[in-house]
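Tertiary structure, described
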Amino acid sequence: MRRVCVVGAGSSGIAACQALHSRGIPFDCFEAGSSVGGNWRYNNDNGMSSAYRSLHAKSSGRGMQYAAFPMPDGYPDYLSHEMIARYLDDFVDHFGFRGRIRFRTEVTRAEPAPGGGWDVTVRRRDTGAEYTGRYGAVLVANGHHWDPRYPEPAFPGAGTFAGEQIHSHQYRAPEPFAGKRVLVLGIGNSACDAAADCSRFAARTLIAMRAGAHLIPRYLAGRPADYLTLMHAGTMMPLWLRRFVVALLVRIARGSATKYGLPKPGHRLLCGPLAISDSLPSGLRRGEIVIKPAIDRFERDRVYFRDGSSEQVDVVIYCTGYKISFPFLRESLIGARGGEIPLYHRVVPPALPGLYFIGLVQPIGAIMPVAEAQSQWVADLLEGRAALPPEPEMNREITRYRTAAARRYARPGSDDIHVDFLPYLREIRKERTAGARRSRARWALAGDQVPGSSRRYTSVRRLAGSWAAVWTGKPGPYRRVTGLRSIR
């Protein structure tokens, strides 16, 4: 079996490594930093981590844990970035594949190779040395929270603003803003945390937003809020009923977000990002954080807002999200349009055999179990235990998904990586089962042994001219058959 390349050793990358390692599939993992953990490694020397000092997970430990490596008893409900980084280190060492990770090595280019496979060029960060290797497949797991997105176009006057402007990607701690007037732009998780952090040190803290968001407390009915996404009963409910139940629990726990002065949310509950925060509502109630509408323009050291008001501001922190980008892949190659990549079940680009994306989703829930499930499916494909459907069928699935996403989410196109936690895991399980059936049928047509099985298929021609397979129970060699659609 040809060697596989894994790009990145964050929480998604090491899930891919574990799946390959457990199957005996040879692989190399390239990580730009000196440690595993990706976004959860505070001050990661890969330069891509957006972790700040006060960061705690928005999903519970139970929701974040890998199925193959449950979190230890005694861990708190919500883990700090230090605890998560330690858990990821323990995961790698428990399964024993740290030696397969090439640290301080970044992938600079990946191209389809003549005759199949992929040519991957990497660069050693310490020496600058580059080399290219041939791989049977590439698993892209470098994350999508590392390339900061600023408002486009920039606000009028932003270029001549006398104060400091940073992205939340650069934010680490609030002490540098002590005594300053700080404006936080956005209403996502990082914006809530940054505003709450800075309000303890800044002379004045403002938070500006175009529209409100659904603010969810960490606990609902005495349990971590994401337990609702882990309940199988919840997946049986239609979306409107799930929205009603969650909204009712939030209203009981906290009341309406508008009572804190927040504008009405710009999208329906569960139809866009959620903000998990207890500290922002507390800061608003105490008057430590002031809400402002969207920015209209900058003038010297003042910021003007769309309601006509203005404030003198020393620092602006843009919590405006991230671009989805892969510098080592040609945009024309992957068919990206504004960050959108057409992917079968959010993993497989139909026209690029051997290329897979792990963790390129934004689940309503945690990413780690999702990346683990995706990796197991890809390992099935690499081993030949599962096969993909024809390309037109994959494209139809992508179209159905995009249509459903456009119906559900407030910003069609920009939310094409959103998935529901348990429904998506069920979707991957169903695809693995269907892929196994396709693989058995294809190997049956050739009379070959099914990968991973000790039994051999024998093909027989029926009178109607179709092919069928019967088990003979005789072992046979594993070989790829010319003329069959390649198993990826």
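For clarity, every value in this text was computed on a predicted model and none was experimentally measured.

1. A few points about the overall build of the protein chain
For the protein chain, the helix and strand inventory stands at 12 helices and 26 strands. Of all 488 residues assigned to the protein chain, the portion counted as buried reaches 53%. A separation of at least 24 residues holds for 65% of the contacts in the protein chain among residues at least 6 apart in sequence. Roughly 21,500 Å² of accessible area belongs to the protein chain as shown, and the carbon and sulfur atoms make up 52% of that amount.

2. Re the packing of aromatic side chains
Counted under the stated rule, the structure contains 17 aromatic pairs. Here phenylalanine 91 and phenylalanine 97 contribute two aromatic rings whose centre-to-centre distance is 6.3 Å and whose plane-to-plane angle is 80 degrees, an arrangement assigned as edge-to-face. Like phenylalanine 97, phenylalanine 91 is buried. One residue, arginine 218, lies across the ring of tyrosine 78, its end atom 4.9 Å from the ring centre.

3. Notes on helix H1 (residues 11-23)
The α-helix winds at 3.6 residues per turn, so residues separated by three or four positions along the chain end up facing the same way. Given a rise of 1.5 Å per residue, 13 residues ought to cover 18 Å, and the 19 Å separating the end C-alpha atoms of H1 matches this to within 8%. A large share of H1 lies buried, amounting to 11 of its 13 residues. Of the residues making up H1, those classed as buried are Ser11, Ser12, Gly13, Ile14, Ala15, Ala16, Cys17, Gln18, Ala19, Leu20 and Arg23. Residue glycine 24 follows H1 closely and has a positive phi angle near 75 degrees.

4. What to know about the sheet that holds strand S6 (residues 130-135)
Read from one edge of the open sheet, three strands run S4-S5-S6, paired in antiparallel fashion. Each of the sheet's edge strands pairs with one partner strand only, and the pair in question is strand S4 (105-112) and S6. Between one strand axis and the next, the sheet turns by 25 degrees as a mean value, whatever way the strands run. Bridge count between S4 and strand S5 (residues 118-124): seven bridges; the pairing is antiparallel. Counted as the bridge partner of arginine 109 is threonine 121 from S5.

5. So, a nonpolar patch on the surface
The grouping of Trp240, Phe244, Leu248 and Ile252 at the surface amounts to a nonpolar patch, some 490 Å² of accessible area in total. Mapped onto the secondary structure, phenylalanine 244 falls in helix H7 (residues 239-253).

6. Observations regarding the nonpolar core
Counting residues in hydrophobic clusters, the biggest one holds 92 residues, and the most contacted among them are Leu139 and Ile317. If one sorts the elements of this core by residue count, helix H10 (residues 368-383) sits on top with nine residues. Aside from chain neighbours lying at most four places away, what touches isoleucine 317 is Ile166, His167, Ser168, Tyr171, Phe177, Val182, Leu183, Val184, Leu185 and Cys198. Counting residues in hydrophobic clusters, the runner-up holds 23 residues, among them Trp118, Phe328, Leu333 and Leu360.

7. Focus: the pairing of strand S18 (residues 302-305)
In regular strands, side chains alternate between the two faces of the sheet. Sheet topology places strand S17 (residues 295-299) next to S18; four bridges connect them, and they run antiparallel. If you follow arginine 297 over to S18, its bridge partner there is tyrosine 304. Two successive antiparallel strands, S17 and S18, enclose a turn made up of two residues, where arginine 300 displays a positive phi of approximately 50 degrees. Taken together, the three bridges between S18 and strand S19 (residues 310-312) define a ladder with antiparallel strand orientation. Within S19, the position partnered with valine 303 by the bridge is glutamate 311. Counted between consecutive antiparallel strands, the loop separating S18 from S19 contains four residues, among which glycine 308 sits at a positive phi close to 90 degrees.

8. Thoughts on H7
Helix length check: H7, at 15 residues, gives a terminal C-alpha distance of 21 Å against a target of 21 Å (1.5 Å per residue), a fit within 8%. Those residues of H7 lying buried are Arg242, Arg243, Val246 and Val250. Across the axial projection of H7, the buried residues extend over an arc of 100 degrees, all falling on one side. Opposite its buried face, H7 presents the exposed residues Trp240, Phe244, Arg251 and Ile252, each directed more than 90 degrees away. Glycine 255 sits one or two residues past H7 and shows a positive phi near 85 degrees.

9. Here's the deal with the packing of H1 against helix H3 (residues 81-95)
For the pair H1 and H3, the least separation of the axes is 11 Å and the interaxial angle reads 15 degrees. Here H1 is positioned roughly parallel relative to H3, judged by the angle of their axes. In the packing of H1 onto H3, the handedness of the crossing is left-handed. Contacts between H1 and H3 involve Ser11, Ile14, Ala15, Gln18 and His21 on the former and, on the latter, Leu88, Phe91, Val92 and Phe95. Residues belonging to the contact of H1 with H3 are distributed by class as follows: six nonpolar, three polar and no charged.

10. Remarks on the pattern of salt bridges
A side chain of one charge can pair with a side chain of the opposite charge when the charged atoms of the two come close. Scanning all chains against the criterion turns up 29 salt bridges. Salt-bridge contacts for aspartate 126 lead to arginine 124; the nearest nitrogen and oxygen are separated by 3.9 Å. Overall, aspartate 126 belongs to the partly exposed group, its relative accessible area being 49%. For arginine 408, the salt bridge is made with aspartate 420, and the minimal N-O distance between the two is 2.8 Å. Within this pair, whereas arginine 408 is found in helix H11 (residues 391-408), its partner aspartate 420 is found in strand S24 (residues 418-420), the two being separated by 12 residues in sequence.

Rules behind the numbers
- Residues numbered from 1 in each chain as written.
- Predicted model: local features only at pLDDT ≥ 70, side-chain atom pairs only at ≥ 80, totals over all residues.
- Heavy atoms only, no water.
- Helix = DSSP H or I, 4+ residues; strand = E, 2+ residues; numbered from the N terminus.
- Buried < 20%, exposed > 50% of the residue type's maximum accessible area, 1.4 Å probe, protein only.
- Contact = heavy atoms within 4.5 Å.
- Areas by Shrake-Rupley, 256 points an atom, 1.4 Å probe, with all protein chains shown as cover.
- Phe/Tyr/Trp six-rings, centres within 6.5 Å; stacked < 30°, edge-to-face > 60°.
- Lys NZ or Arg CZ within 6 Å of the ring centre and 35° of its normal.
- Expected span 1.5 Å × (residues − 1).
- Pairing = 2+ DSSP bridges.
- Axes fitted to C-alpha atoms, helices over the stretch in contact; angles between N-to-C directions.
- Patch = residues over 30% accessible without salt bridge, like charges linked within 9 Å, V, L, I, M, F, W, Y side chains within 5 Å.
- Salt bridge = Lys/Arg side-chain N within 4 Å of Asp/Glu carboxyl O.
- Core = buried A, V, L, I, M, F, W, Y, C linked by side-chain atoms within 4.5 Å.
- Arc of directions from axis to C-beta.
- Parallel < 35°, antiparallel > 145°, perpendicular 65-115°, else oblique.
- Left-handed = near helix turned anticlockwise from the far one by under 90°.
- Nonpolar A, V, L, I, M, F, W, Y, C, P; charged D, E, K, R; others polar.

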